[in-house]
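Secondary and tertiary structure notes
Each chain, letter by letter, is given below.
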Amino acid sequence: MGILINNGTKVVVQGITGREGSVRTKYMKEYGTKLIGGTSPGKAGEEIHGVPVYNTVKEIVRENGEIDFSVVFVPGRGLKTAVMEAADAGVKNIIPCVEGTPIHDIMEMIAYAKMKGARVIGPGSIGILTPGEAVVGWLGGNVEWANKFFKKGSIGVFSRSGGQSGTIPWVLREGGFGVSTVVHTGTEPVLGTSMADLLPYFEEDSETRGVAVYAEIGGTQEEECAEVIAAGKFTKPFVIYVAGAWAPEGQRFSHASNIVERGRGSAKSKMEAIRKAGGFVADTPTDIPIILKEKIATDFIN
């Protein structure tokens, strides 16, 4: 079943007539995502890959009813306005596939969306994919690669890296597992939704038997997951691989937002927190399916 998205999820694309919006719309539609429409002010009445274009998100909602997700492909300077527009229209989940947005704008849009009852995943997220059901964003790149890397199965996946979002699903597939849903949380220093926010959704999903994470140094998402596990809000096997474990405190690694400071965000602190909470740490990505096989089998026996 997976979390957040399936083949019945109603999706709109803001910025659908732009280069990125158009290309990603084609991919999402070909994968099976239920695309209701897209927006591009002044271009209402056009179609992009068979998807109708509207001036505003409110027009789409007025004509088609409630929308589950909006995926946003607009320049960074217009992102705040686009996110607020979606929230005002009652869209409950918004994925801004945009990097380089000013921090103040990010904080303002996240706060506004929360006030309107909407969830922002990102900014800087490349999306969410539930294999064989739907993709929102451009995770997977194209149908051929998505089908190659993302096999339907029982392991939920979080990734801090967009470029490495296929790594864990691939090693899981090679190790005999598939994935329920893959979520790229985003690359900006301030995010609307963390792994810890979504972890209970994997707990509630009856078809998810464990969660695997491609982690990076910097930030506190993994430590927050440890708190969720320690509180008993996630009880299934949880395995992380931490990239950049070699980096000293203060060293930037991979994404600009990932910096280790004051004992939080280091590979050591993340791994210690996960182990203490009852989770598991993989030395390499290929160790993840090995650990999961052992722990899931043990849980089944118990």
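Now for a look at the structure at hand. Keep in mind that this is a model prediction, so the values were computed, not measured. All residue numbers refer to positions counted from 1 along the written sequence of the respective chain. Selection of residues for local features in this predicted model requires a pLDDT of at least 70, selection of side-chain atom pairs for listing and counting requires 80 or more, and totals for whole chains, interfaces and linings are taken over all residues. The side-chain values count all of the structure's non-hydrogen atoms but skip hydrogen atoms and water molecules.

1. Quick look at the environment of Glu204
Under the DSSP-based scheme used, a helix requires at least four consecutive residues in state H or I and a strand at least two consecutive residues in state E, with every element numbered from the N terminus. Within the secondary structure, Glu204 sits in helix α7 (residues 195-204). C-alpha separation for the pair Glu204 and Lys233, spaced 29 residues apart in sequence, amounts to 9.6 Å.

2. Structural notes on the packing of aromatic side chains
Two rings belonging to Phe, Tyr or Trp (six-membered ring only in the last case) form a pair when the distance between their centres is within 6.5 Å. Interplanar angles under 30 degrees mark stacking, angles over 60 mark edge-to-face geometry, and anything in between is tilted. By the definition in use, this model includes 6 aromatic pairs. For the pair Phe158 and Phe202, a centre-to-centre distance of 5.3 Å together with 75° between the ring planes defines the contact as edge-to-face. Of this pair, Phe158 sits in strand β10 (residues 152-159) while Phe202 is found in helix α7, placing the two residues 44 residues apart along the sequence. Overall, Phe158 belongs to the buried group, its relative accessible area being 0%. Both rings, one in Tyr214 and one in Tyr241, keep their centres 5.8 Å apart while their planes meet at 55°; by these two values the pair is tilted. Taken together, the positions of Tyr214 in strand β12 (residues 210-216) and Tyr241 in strand β13 (residues 238-243) put the pair 27 residues apart, joining distant regions of the chain. Take Tyr214 and Tyr241: they sit in the same class, and that class is buried. In this scheme, a residue with accessible area under 20% of its type's maximum is buried, one over 50% is exposed, and one in between is partly exposed, where area comes from a 1.4 Å probe on protein chains only.

3. Some thoughts on the pattern of salt bridges
One speaks of a salt bridge when a side-chain nitrogen belonging to Lys or Arg is within 4 Å of a carboxyl oxygen belonging to Asp or Glu. Per the counting criterion, the structure on display carries 10 salt bridges. In this structure, the salt-bridge partner of Glu108 is Lys80, at a minimum N-O distance of 3.2 Å. Residue Glu108 is found in helix α4 (residues 103-115), and its partner Lys80 is found in helix α3 (residues 79-88); the two are separated by 28 residues along the sequence. Among the residues examined, Glu108 registers a relative accessible area of 32% and is labelled partly exposed. Across the pair Lys270 and Glu222 runs a salt bridge whose closest N-O atoms are separated by 2.3 Å. Note that Lys270 is positioned in helix α9 (residues 267-277) and Glu222 in helix α8 (residues 221-230), a separation of 48 residues in sequence. Per residue, the accessibility class of Lys270 equals that of Glu222, and both read buried. A single network of salt bridges, built from pairs that share partners, joins Arg160, Glu222, Glu223 and Lys270.

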